[in-house]
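# Working through the structure, step by step
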Amino acid sequence: MFWFPKTITYSVPRKIDCSKLLSEGMKALEGCLFKLAVERGECWDFSKKRRYKTRGIYGDTDDENMLIPLASYDSNMLKYFKVAISSQFPSQSFLAFYHILEYNFLTVSDEALHGRLKSHIHSTNFYGTDDQLETIISVVKKHNDKSDETEMLSRVLRKYIDEDELIEHINDIESKVGEKLYTKSTEIFGERFQVQNKKDHAITNVAKLLKHVRNALVHSSARYNRDDCHIPLTESEFVVESYIPLIRFLAEKVIYAKSL
């Protein structure tokens, strides 16, 4: 009673390997998602399995503890923190947390310089002689020469972070994850880093490590091989994700320390 005319047929001449089918199919799907982003402004990507449940390291908050905080926090740093927490991408979260630390670079650096200058100017035997003024000029010059970002980050961490708490936090993270994420020598975006989790070393090592990760996210491929670069939405996101609990801890401590 019904007529079904044949309009088109499709036959596979041979069995296609699953990996080849997936690789070719992914290209087409990625093209579709790109078209969706360009023409509709909707950005989607394929979900990837996380190696570490880093967001769960902090645990769930008990409703009984959801009371109004007594402190007053810096609103600008809170905005960075909210962006970091809400972002789906570890690279964006990392940079937002880093902005909280960077937000205090100049303030802490200037405080250090002011302290050095006051130690000379407020001396009882300071009379503004040529030699004394040359000493003041020398202090300012040395301060400018050493004010690279790694040093400024170290100053912020030394001012606001208790190194013993940082060491304890690193031990706690590695215990929960079951892997030495920070204290084992590891190659990260083309360079090897290791946090010596002991007094007078932890803060300096962490500052160099975080600054390096930040550079890899910001500067793309300027000084690294292509394979050592961070590429968004790839496996390198997992590398960045493993450092989120560390930089989040530092950002929270700085916000608390700057509160009123």
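Note that residues are indexed from 1 along each chain, following the sequence as it is written. Two thresholds apply to this predicted model, a pLDDT of at least 70 for residue-level local features and 80 or more for giving and counting side-chain atom pairs, whereas whole-chain, interface and lining totals are computed over all residues. Heavy atoms throughout the structure, all of them, feed into the side-chain values; hydrogens and water do not.

## Re the overall build of the chain
Helix and strand definitions follow DSSP, with helices as H or I runs of at least four residues and strands as E runs of at least two, each counted in order from the N terminus. If you tally the helices and strands in the chain, you get 10 helices and two strands. Ordering the α and β elements of the chain from the N terminus gives α-α-α-α-α-α-α-β-β-α-α-α. Categorising residues by exposure relies on relative accessible area from a 1.4 Å probe, with only protein chains included: less than 20% of the type maximum marks a residue as buried, more than 50% marks it as exposed, and the intermediate range marks it as partly exposed. Counting only residues that meet the buried cut, the chain has 33% of its 260 residues in that class. Residue pairs at least 24 apart in sequence account for 69% of intrachain contacts in the chain once pairs closer than 6 positions are excluded. Here, Shrake-Rupley sampling with a 1.4 Å probe gives the accessible areas, and only protein chains in the shown set may cover a residue. Surface summary for the chain: the accessible area is close to 17,800 Å², and the carbon and sulfur share equals 54%. Working rule for contacts: check all heavy atoms of both residues, and any pair within 4.5 Å makes them a contact.

## Some words on the nonpolar core
Only buried residues count toward a nonpolar core, which is a set of Ala, Val, Leu, Ile, Met, Phe, Trp, Tyr and Cys residues joined through side-chain atoms within 4.5 Å. Counting 46 residues, the largest nonpolar core has Phe94, Leu157, Leu166, Val206 and Leu250 as the members making the most contacts within it. Going through the elements one at a time, helix 2 (75–86), helix 3 (90–102), helix 4 (105–121), helix 6 (149–160), helix 7 (163–177), helix 8 (202–218) and helix 10 (244–257) are the ones with two or more residues in this core. In terms of residue count, helix 8 provides more of this core than any other element does, nine residues in total. Not counting the four nearest positions on each side in its chain, leucine 157 is found in contact with Leu101, Ile203, Val206, Ala207 and Leu250.

## What about the packing of helix 3 against helix 6?
For helices, the axis comes from a line fit to the C-alpha atoms of the stretch in contact; other axes are also lines fit to C-alpha atoms, and the angle between any two N-to-C directions lies between 0 and 180 degrees. Packing of helix 3 against helix 6 brings their axes to within 10 Å, and their N-to-C directions diverge by 75°. One way to sum up the angle between helix 3 and helix 6 is to call them roughly perpendicular. Together, Tyr98, Leu101 and Glu102 of helix 3 and Glu149, Leu153, Val156 and Leu157 of helix 6 make up the contact between the two elements. For this classification, under 35 degrees means roughly parallel, over 145 means roughly antiparallel, 65 to 115 means roughly perpendicular, and everything else is oblique.

## Comments concerning the pattern of salt bridges
Here a salt bridge means any side-chain nitrogen of Lys or Arg lying within 4 Å of a carboxyl oxygen belonging to Asp or Glu. If you walk through the whole model with that rule in mind, you get 10 salt bridges. Among the ionic pairs, glutamate 102 bridges to arginine 214, the shortest N-O distance being 3.9 Å. Of the two residues, glutamate 102 is situated in helix 3 and arginine 214 in helix 8; the sequence distance between them amounts to 112 residues. Take arginine 214: its relative accessible area is 13%, and that puts it in the buried class. A salt bridge links lysine 199 to aspartate 164, with the nearest nitrogen and oxygen atoms 3.6 Å apart. Of this pair, lysine 199 sits in the loop between strand 2 (191–193) and helix 8 while aspartate 164 sits in helix 7, and the two are 35 residues apart along the sequence.

## Thoughts on unusual backbone geometry
Here phenylalanine 189, not a glycine, exhibits a phi torsion of approximately 50°, which is positive. Looking at where phenylalanine 189 falls in the secondary structure, it is placed in the loop between strand 1 (186–188) and strand 2.

## A word on helix 10
For a helix, the expected span equals 1.5 Å multiplied by the residue count minus one. Taking 1.5 Å of rise per residue, 14 residues should cover 20 Å, and helix 10 covers 20 Å from first to last C-alpha, within 8% of that figure. For helix 10, the buried fraction is high: 10 of the 14 residues fall into the buried class. Taken as a whole, helix 10 has its buried residues at Ile244, Pro245, Leu246, Ile247, Phe249, Leu250, Ala251, Glu252, Val254 and Ile255. Residues of helix 10 that are buried sit in contact with helix 2, helix 3, helix 6, helix 7, helix 8 and helix 9 (236–241).

## Details of the environment of tyrosine 243
By the element assignment, tyrosine 243 lies in the loop between helix 9 and helix 10. Since its relative accessible area comes to 3%, tyrosine 243 is described here as buried. Not counting chain neighbours up to four residues away, the residues in contact with tyrosine 243 comprise Phe94, Leu181, Tyr182, Ile188, Leu209 and Val213.

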